Amino acid sequence: MPTPLQNRGLAIVRTLRSEESPPQPRRPDPRIGVALGGGSARGLTHISFIEAMDELGVRPQVISGTSIGALIGAGWANGMTGKDLREHSIEVLGTMRAIAARLWGAQVKRLSSILQEGLTVQLDGHAVVDSFLPGNFPPNFEDLQIPLYVVATDYESWHQVVFSAGPLRGAIAGSIAIPSLFAPVNFQNHVLVDGGVVNPLPLDQAASGTDILVGIDVNGDPSEQERRPALGPIDVWFGSAQIMMHSLTAHMMAAYPPDVFVRPHVSVFGAMEFWRVREIIDHVERDKEHFKRALAARIENFIRSGPGHSDRAEDR
């Protein structure tokens, strides 16, 4: 039971508290939109940057993805952490045997042709998505925890198609359908090929209603390319696609400038070297740290400046 002296002290504390100004409302955290680009096996580096956001304790409110960015983005939008994505990717891609087993399950018999010749076998996008997504993955966009926008290319109209509702697997299958390597995907009255043909870094889809726009371009950079004595057909094909994607990304960035942008150094890896998943993810540790610092600074600046500092949400 409090003594008279303690009662007097409590009364003083109550008086002082009543004279204090009411607490200020907490400034809202920024809404973050993240665009995950296409880049075949190099796109596995997305996982490192997802881990970086996990380490910062932030998650996006919008995710957009093209090609492998759509596949990894779907797992992220479904609640998988960067660690979850790393472990799953190593499980399904960590050895040639693991890849072969899943492709055989997708009724692909000539793994060597796919990985070395590339253009002689056409993969079934639906079967590949079913083989490499985690088990019990939700069927529809509406089942995801974070809104996801998947970009594919309509081969007949020459325009991008953006999927954000309805069946999920068909949209991803169309988005990853690299021309010639994959058969075109028939889905919802579209004939779809890889989204990177028209929009390799879908900043436009991640910008709407967000305060901080993040772009992760995993296509590589010409400054990293090593001069090769001889180029085979597959080298020329993927190299030409890389040049096209680099140009398209530059135009997209001019129209939708990201607040935080990273282009990791990944050109040392071949576009189809998925079995090097461990090396690919770990290769970008320095880029990951730069990314964390840049994103943390941008979030801190937003919170310090208060609501209304960013006009991105009102732009569209």
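Residues numbered from 1 in each chain as written. Predicted model: local features only at pLDDT ≥ 70, side-chain atom pairs only at ≥ 80, totals over all residues. Heavy atoms only, no water.

A.B. asks: Talk me through the overall build of the protein; I want residue IDs and the actual numbers.
C.D. replies: Helix and strand counts for the protein stand at 13 helices and eight strands. Looking at the protein as a whole, 49% of its 316 residues are labelled buried. Residue pairs in contact within the protein that sit at least 24 positions apart in sequence constitute 76% of those at least 6 positions apart. When the accessible surface of the protein is summed, it comes to about 15800 Å², and 54% of that surface belongs to carbon and sulfur atoms. (Helix = DSSP H or I, 4+ residues; strand = E, 2+ residues; numbered from the N terminus. Buried < 20%, exposed > 50% of the residue type's maximum accessible area, 1.4 Å probe, protein only. Contact = heavy atoms within 4.5 Å. Areas by Shrake-Rupley, 256 points an atom, 1.4 Å probe, with all protein chains shown as cover.)

A.B. asks: Report on empty space enclosed by the protein, specifying residues and quantitative values.
C.D. replies: Applying the stated rule across the entire model yields one cavity of 30 Å³ or more. Here the largest cavity defines a volume of roughly 510 Å³. Ile68, Leu71, Leu93, Phe132 and Phe274 are the residues nearest the centre of the largest cavity, which is lined by 29 residues in total. With five residues, the top contributor of residues to the lining of the largest cavity is helix H4 (residues 82-93). (1 Å grid on protein atoms, 1.4 Å probe; cavity = no way out; pocket = protein on both sides within 12 Å on 5 of 7 lines; lining within 4 Å. Points joined across faces, edges and corners; volume = space filled by probe spheres on them.)

A.B. asks: Can you lay out the pattern of salt bridges for me, pointing to particular residues and giving the numbers?
C.D. replies: By the definition in use, this model includes eleven salt bridges. Across the salt bridge formed by Lys292 and Glu55, the nearest N and O atoms sit 2.8 Å from each other. Linking Lys292 in helix H12 (residues 285-305) with Glu55 in helix H2 (residues 46-56), this pair joins segments that are 237 residues apart in sequence. The exposure class of Glu55 is partly exposed, given its relative accessible area of 46%. Of the charged contacts in the structure, one is a salt bridge between Arg304 and Glu300, with a shortest N-O distance of 2.9 Å. Of this pair, Arg304 and Glu300 both sit in helix H12, separated by four residues, roughly a single helical turn. (Salt bridge = Lys/Arg side-chain N within 4 Å of Asp/Glu carboxyl O.)

A.B. asks: I'd love a proper account of the nonpolar core, names of residues and values included.
C.D. replies: Formed by 69 residues in total, the largest nonpolar core has its most connected members in Leu44, Leu148, Val214 and Phe291. Considering every element that reaches this core, the biggest residue donor is helix H3 (residues 68-77), with six residues. The residues contacting Phe291, other than those within four sequence positions of it, are Phe49, Ala52, Met53, Val214, Val260 and Val262. Ala35, Leu203, Ala206 and Met252 belong to the second-largest nonpolar core, a separate cluster that totals seven residues. (Core = buried A, V, L, I, M, F, W, Y, C linked by side-chain atoms within 4.5 Å.)

A.B. asks: Pulling in residues and values, what's your account of the environment of Val128?
C.D. replies: Within the fold, Val128 resides in helix H7 (residues 125-132). Overall, the relative accessible area of 10% leaves Val128 in the buried class. For the pair Val128 and Ala177, spaced 49 residues apart in the sequence, the C-alpha separation amounts to 9.9 Å.

A.B. asks: Summarise the pairing of strand S7 (residues 212-216); cite the residues concerned and give the values.
C.D. replies: Among the five residues in S7, five count as buried, and that is most of the element. Burial along S7 is two-sided: Ile212, Val214 and Ile216 facing one way and Leu213 and Gly215 facing the other are all buried. Both S7 and strand S8 (residues 260-262) contribute to a ladder of three bridges, which runs parallel. In the sheet register, Gly215 faces S8, and the bridge partner there is Phe261. (Pairing = 2+ DSSP bridges.)

A.B. asks: Which residues make up the packing of H2 against H12, and what values do they have?
C.D. replies: Across the interface, H2 lies against H12 with an axial gap of 9 Å and an inter-helix angle of 45°. Compared by their axis directions, H2 and H12 come out oblique. Considering the relative orientation of H2 and H12, their crossing is right-handed. Note on element contacts: H12 touches H2 through Asp287, Lys288, Phe291, Lys292, Leu295 and Ala296, opposite Ser48, Phe49, Glu51, Ala52, Met53, Glu55 and Leu56. Residue composition of the contact of H2 with H12, by class: seven nonpolar, one polar and five charged. (Axes fitted to C-alpha atoms, helices over the stretch in contact; angles between N-to-C directions. Parallel < 35°, antiparallel > 145°, perpendicular 65-115°, else oblique. Left-handed = near helix turned anticlockwise from the far one by under 90°. Nonpolar A, V, L, I, M, F, W, Y, C, P; charged D, E, K, R; others polar.)

Read these as spatial facts, not as claims about activity.
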